[in-house]
Amino acid sequence: MSNILALAQKELRAYFVSPMAYALFGFFALLFGWFFVASMNVMLQFSMGQFGQGGPQVVNINEFMIRPLFGNTAVILLMMLPFLTARAYAEEKRSGTIELLLTSPLSDFQIIMGKFLGAMTLYGIMLAITLIHIGILFWYGDPEWGPIVSGYLGLLLMGSSFISVGLAISSMTKNQMVAGLSTFAVLLLFWIINWVGDASGSTTQTVLSYLSILEHFDDFSKGVIDTTHVTYYVSFIAFGLFLTAKSLDTARWNG
Amino acid sequence: MVEVQHVTKRYGSLTAVDDISFRVERGEILGFLGPNGAGKTTTMRILTGFLPATEGQARIAGFDVFEQPMEAKRRTGYLPETPPLYPEMTVAEYLRFVARINGMPPGDRRTQVGVAMERTKISDMADRYCGKLSKGYRQRVGLAQAILHNPDVLILDEPTAGLDPRQIIETRRLIAELAGDHTVILSTHILPEVSQTCQRVVIINRGRVVAIDTPDNLTARLQGSQTLYLQIDAQGAEALATLEGVDGVASVTCVDEHDGIGGYEIESRQGDDVRRELSRTVVTSGWGLLELRPRQMSLEDIFLQLTTEEAPTEAVHPGMVTPGDEADVTVEDRVDE
Ligand SMILES: Nc1ncnc2c1ncn2[C@@H]1O[C@H](COP(=O)(O)OP(=O)(O)OP(=O)(O)O)[C@@H](O)[C@H]1O
Ligand SMILES: [Mg+2]
């Protein structure tokens, strides 16, 4: 455990020493803020419209604002997290520091968990920043907190899946750029996989829908925590970590 | 302490290390010598558990590096070819990190880091970022990292590469010092390094062991024919021809010619001592005899002899070819001594 923590700390240090962490935080806060304001405007217009039609209406903040906001956040994460994980292994392989890790008395499991924990911590901080915006909602409005909690749980699970795939891909190359772009491409594929229309037959459609990584998020943002979705994300994470383990092992055999 | 048995490593169809076996006893310094691409780094990576061997076994302090990697790794300090530093850490932070992942208890870390920095003379660099260090200092931090946890076995891949001459001397002294309670395997292309620091030398070429012996024995064993160095105040074809005509002389090479003075390397036939005959010839020819001495065969010569099919006595003059400069040398299969 101490080894895992040591590695996770090392990872975090690397993120915070480079402009990477700050760029990610800044960009994420900016985009999240943008969507926050945009969805607030939509909601306000909507409530005005209703106001015009008749008596004052209480608009459901959860339905009209928080749900679209979570949906948009999922897409931002899909685009940004690949760049958070790209360097994790690729840089160690490029600079040769992987030789230190693999010849120290560390197990592959410790290395993999250390890196995962490091990236997850950074992601956690990213999500924590957005709590400020949500705080504003609670200050001025009266949203239900249930869907917000489940939405954050969903974001956490989905982001972890992105991270676990990103780490696996990073462990397959020496080039950060390649790692980042490939991760993005893979995640994109998992997003749009169910867009192939109904013509392909309903069974295929069901399978593709099941695979689609954003599809599983929707229920979370509605306030529903369904074990199917949780299982999906947890399997996704486990698969990514397993792939990383395989890739480290293969790299070892092939030099 | 270290046992390597029939280790072979293949990368696809390329055999980087081919059936290597050797042993290193406790406290010994073993030099690993070979030209570029000989398989030194590959062998060291197998010993440190970074790469698995395709065939064969390696043991560190009795622990198989493949079967019991943790036990073996705990007892090994490794300086890879490129020092594995994290640019975003300061030297002290980096060493503390290495101490931690080597399972050193928190209380010991600070003191051990201090000791290692002291020994490698990097204490004044403690707060520098690793990414901002010069090549020589990177090398030293790499060395500090290797000796940090007081391992039984030290594996150093070209520990003096990139150091300035004074540092090279200090590093060699440090290695000699460490050898007391550590076992050291180091690789190098630099021949004087092995004769100065190592008790035994493994010469490898194209993945195969060509010779294992002490530097002295290697030198002695290969002096089948004796080489003399002769300096006279004559030069040119005539002098050369006269010298070649001396009884018992196998070949004469002019190695130096300036201001009317000629320096020659004379190889005698096996068993013949041609010194008397040579000096007599020089005197009767009316030349001045300035110098006549047996030329010690350096490790470089041995190296060339072992790694080339035929010792090219004329074409390649040792000293003109640096070892490892394999382009100039026709590296051929092993020559059995
Ligand atoms: N990862 C790899 N994949 C394929 N071939 C490799 C790999 N690593 C090394 N080789 C090959 O194995 C052989 C031995 O390489 P190695 O690095 O062990 O040599 P070396 O003795 O350390 O050389 P140098 O003096 O240049 O450091 C070389 O022919 C090299 O090209
Ligand atoms: Mg090498």
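None of these values were measured; they are calculated from a predicted model.

### Section: the packing of helix H7 (residues 145–170) of chain A against helix H8 (residues 176–192) of chain A
All names here are of chain A.
Stage number 1. Two elements in contact, H7 and H8, have axes separated by 9 Å at closest approach and are oriented at 135°. Considering the angle they form, H7 stands oblique to H8. Where H7 crosses over H8, the handedness of that crossing is right-handed. Taking contact as the criterion, the partners of Phe 162, Val 165, Gly 166, Ile 169 and Ser 170 in H7 are, on H8, Ala 179, Ser 182, Thr 183, Val 186 and Leu 187.

### A few points about the interface of chain B and chain A
Stage number 1. On the side of chain A, 27 residues touch chain B, which itself brings 28 residues to the contact.
Stage number 2. Of the roughly 2600 Å² buried between chain B and chain A, counting both surfaces, carbon and sulfur atoms make up 62%.
Stage number 3. Three residues stand out in chain B for area buried against chain A, namely Phe50(B), Arg100(B) and Ile101(B), and they jointly supply 26% of the buried area on that side.
Stage number 4. On inspection of chain B and its partner chain A, the count reaches 2 salt bridges.
Stage number 5. The partner of Glu93(B) in a salt bridge is Arg13(A), and the shortest N-O contact between them spans 3.2 Å.
Stage number 6. Linking chain B to chain A there are 7 residue pairs in polar contact (both at pLDDT 80 or more).
Stage number 7. Class assignment of the residues belonging to the side of chain B that touches chain A gives a composition of 17 nonpolar, 4 polar and 7 charged.

### Some points on the packing of aromatic side chains
Stage number 1. Tallying each qualifying case throughout the model produces 12 aromatic pairs over all chains.
Stage number 2. When the centroid spacing of 6.3 Å and the interplanar angle of 40° are considered together, the rings of Phe220(A) and Tyr233(A) count as tilted. Taken together, the positions of Phe220(A) in helix H10 (residues 218–222) and Tyr233(A) in helix H11 (residues 227–254) put the pair 13 residues apart, joining distant regions of the chain. Accessibility classification places Phe220(A) together with Tyr233(A) in one group, the buried group.
Stage number 3. Taken together, the ring pairs in this structure connect Phe190(A), Phe220(A), Tyr232(A), Tyr233(A) and Phe236(A) into an aromatic cluster.
Stage number 4. If you follow Arg140(B) out to its NZ or CZ, it ends over the ring of Tyr137(B), 4.2 Å from the centre.

### Some points on the site of ligand 1
Stage number 1. Around ligand 1, the structure places 15 residues, and the nearest of them are Lys40(B), Thr41(B), Thr42(B), Glu81(B) and His189(B).
Stage number 2. Mapping the residues near ligand 1 onto chains gives chains A and B.
Stage number 3. Take Ala38(B): an N or O atom from its main chain is 3.1 Å from an oxygen atom of ligand 1.
Stage number 4. Interatomic distance of 2.6 Å between a side-chain N/O atom of His189(B) and an oxygen atom of ligand 1.
Stage number 5. When the free accessible area of ligand 1 is taken as 630 Å², the share hidden by the protein chains comes to 68%.
Stage number 6. Broken down by secondary-structure element, the contributors of at least two residues to the shell around ligand 1 are strand E2 (14–24) and helix H1 (40–47) of chain B.
Stage number 7. Take the shell around ligand 1: its biggest share by element is 3 residues, from H1(B).
Stage number 8. By residue class, the composition of the shell around ligand 1 is 5 nonpolar, 7 polar and 3 charged.

### With respect to the coordination of the magnesium ion (ligand 2)
Residues and elements named next belong to chain B.
Stage number 1. Around the magnesium ion (ligand 2), the protein contributes the donor atoms Thr 41 (OG1) and Glu 81 (OE), which lie 1.9 to 2.2 Å from the metal centre. Pair noted here: Thr 41 is in helix H1 and Glu 81 is in the loop between strand E6 (76–79) and helix H3 (91–101), with a separation of 40 residues, a long-range link.
Stage number 2. Taking relative accessible area as the criterion, Thr 41 reaches 15% and is therefore assigned buried.

### Quick word on empty space enclosed by the protein
Stage number 1. Tallying each qualifying case throughout the model produces 3 cavities of 30 Å³ or more.
Stage number 2. Lining of the largest cavity is provided by 14 residues; of these, Leu100(A), Thr103(A), Ser104(A), Tyr78(B) and Gln145(B) occupy positions nearest its centre.
Stage number 3. Of all the secondary-structure elements, those providing two or more residues to the lining of the largest cavity are helix H5 (98–103) of chain A together with E6 of chain B.
Stage number 4. A breakdown of the residues in the lining of the largest cavity according to their chemical character gives 5 nonpolar, 7 polar and 2 charged.

### Comments concerning the domain arrangement of chain B
Stage number 1. Along its sequence, chain B is organised into domain 1 (2–220) and domain 2 (223–294).
Stage number 2. Taking the mean C-alpha position of each, domain 1 of chain B and domain 2 of chain B sit 45 Å from one another.

### Description of the confidence of the model for chain B
Residues and elements named next belong to chain B.
Stage number 1. In the predicted model, chain B carries a mean pLDDT of 82, and the fraction of residues at 70 or more is 85%.
Stage number 2. Between the elements of chain B, mean pLDDT differs from a low of 65, seen in helix H11 (residues 299–307), to a high of 95, seen in E6.
Stage number 3. Contacts of residues 309–337 to residues separated by more than four positions or lying in other chains number 47 contacts, the stretch itself having pLDDT below 50.
Stage number 4. The ipTM for the predicted assembly is 0.86, set against a pTM of 0.81.

### What about the sheet that holds E2(B)?
Residue and element names in this part refer to chain B.
Stage number 1. In space, the 4 strands of this open sheet follow the order E2-E1-E4-E5, with antiparallel pairing throughout. Every other strand in the sheet has two partners, leaving E2 and strand E5 (63–64) as the edge strands with one partner each.
Stage number 2. Of the strand pairs in this sheet, strand E4 (residues 55–60) and E5 are connected by 2 bridges, and their pairing is antiparallel. Directly across from Ile 60, in E5, lies its bridge partner Phe 63.
Stage number 3. Against the sheet, H1 makes contact with strand E1 (2–11), E2 and E4, and its axis sits at roughly 120° relative to E1, the strand it touches most.

### Here's the deal with the pairing of E2(B)
The side chains of a regular strand alternate between both faces of the sheet.
Residues and elements named next belong to chain B.
Stage number 1. Judged from the 7 bridges that link them, E1 and E2 form a sheet pairing that is antiparallel. Residue pairing for E2: Val 4 is matched across the bridge by Phe 22.
Stage number 2. Adjacent in sequence and paired antiparallel, E1 and E2 are bridged by 2 residues, among which Gly 12 carries a positive phi angle near 60°.

### Some thoughts on the sheet that holds strand E10 (residues 208–213) of chain B
The strands making up a sheet associate through backbone hydrogen bonding, with each pair oriented either parallel or antiparallel.
Residues and elements named next belong to chain B.
Stage number 1. In spatial order, the strands read E6-E7-E8-E3-E9-E10; together these 6 strands make up an open sheet with mixed pairing. The open sheet has two free edges, formed respectively by E6 and E10, since each of these has just one partner strand. Geometrically, the sheet is characterised by an average inter-axis angle of 15° between neighbouring strands, direction not taken into account.
Stage number 2. Sheet topology places strand E3 (residues 29–33) next to strand E8 (residues 183–188); 5 bridges connect them, and they run parallel. Note on E8: the bridge partner recorded for Ile 29 is Val 184.

### A word on the environment of Glu265(B)
Residue and element names in this part refer to chain B.
Stage number 1. If you trace the backbone, Glu 265 turns up in strand E13 (residues 261–268).
Stage number 2. Residue Glu 265 is classed as buried on the basis of its relative accessible area, which comes to 11%.
Stage number 3. Taking C-alpha positions, Glu 265 is 6.3 Å from Leu 230, a pair spaced 35 residues apart along the chain.

Rules used in this analysis
Residues numbered from 1 in each chain as written. Chains lettered and ligands numbered in written order. Predicted model: local features only at pLDDT ≥ 70, side-chain atom pairs only at ≥ 80, totals over all residues. Heavy atoms only, no water. Axes fitted to C-alpha atoms, helices over the stretch in contact; angles between N-to-C directions. Helix = DSSP H or I, 4+ residues; strand = E, 2+ residues; numbered from the N terminus. Parallel < 35°, antiparallel > 145°, perpendicular 65-115°, else oblique. Left-handed = near helix turned anticlockwise from the far one by under 90°. Contact = heavy atoms within 4.5 Å. Buried area = accessible area lost by both parts, 1.4 Å probe. Salt bridge = Lys/Arg side-chain N within 4 Å of Asp/Glu carboxyl O. Polar contact = N/O pair within 3.5 Å; in protein donor to acceptor, adjacent residues only side chain to side chain. Nonpolar A, V, L, I, M, F, W, Y, C, P; charged D, E, K, R; others polar. Phe/Tyr/Trp six-rings, centres within 6.5 Å; stacked < 30°, edge-to-face > 60°. Buried < 20%, exposed > 50% of the residue type's maximum accessible area, 1.4 Å probe, protein only. Lys NZ or Arg CZ within 6 Å of the ring centre and 35° of its normal. Near = heavy atom within 4 Å. Areas by Shrake-Rupley, 256 points an atom, 1.4 Å probe, with all protein chains shown as cover. Donors = N, O, S within 2.8 Å, 3.2 Å for Na, K, Ca; no water. 1 Å grid on protein atoms, 1.4 Å probe; cavity = no way out; pocket = protein on both sides within 12 Å on 5 of 7 lines; lining within 4 Å. Points joined across faces, edges and corners; volume = space filled by probe spheres on them. Domains from an automatic or database assignment. pLDDT = per-residue confidence, 0-100. Pairing = 2+ DSSP bridges.

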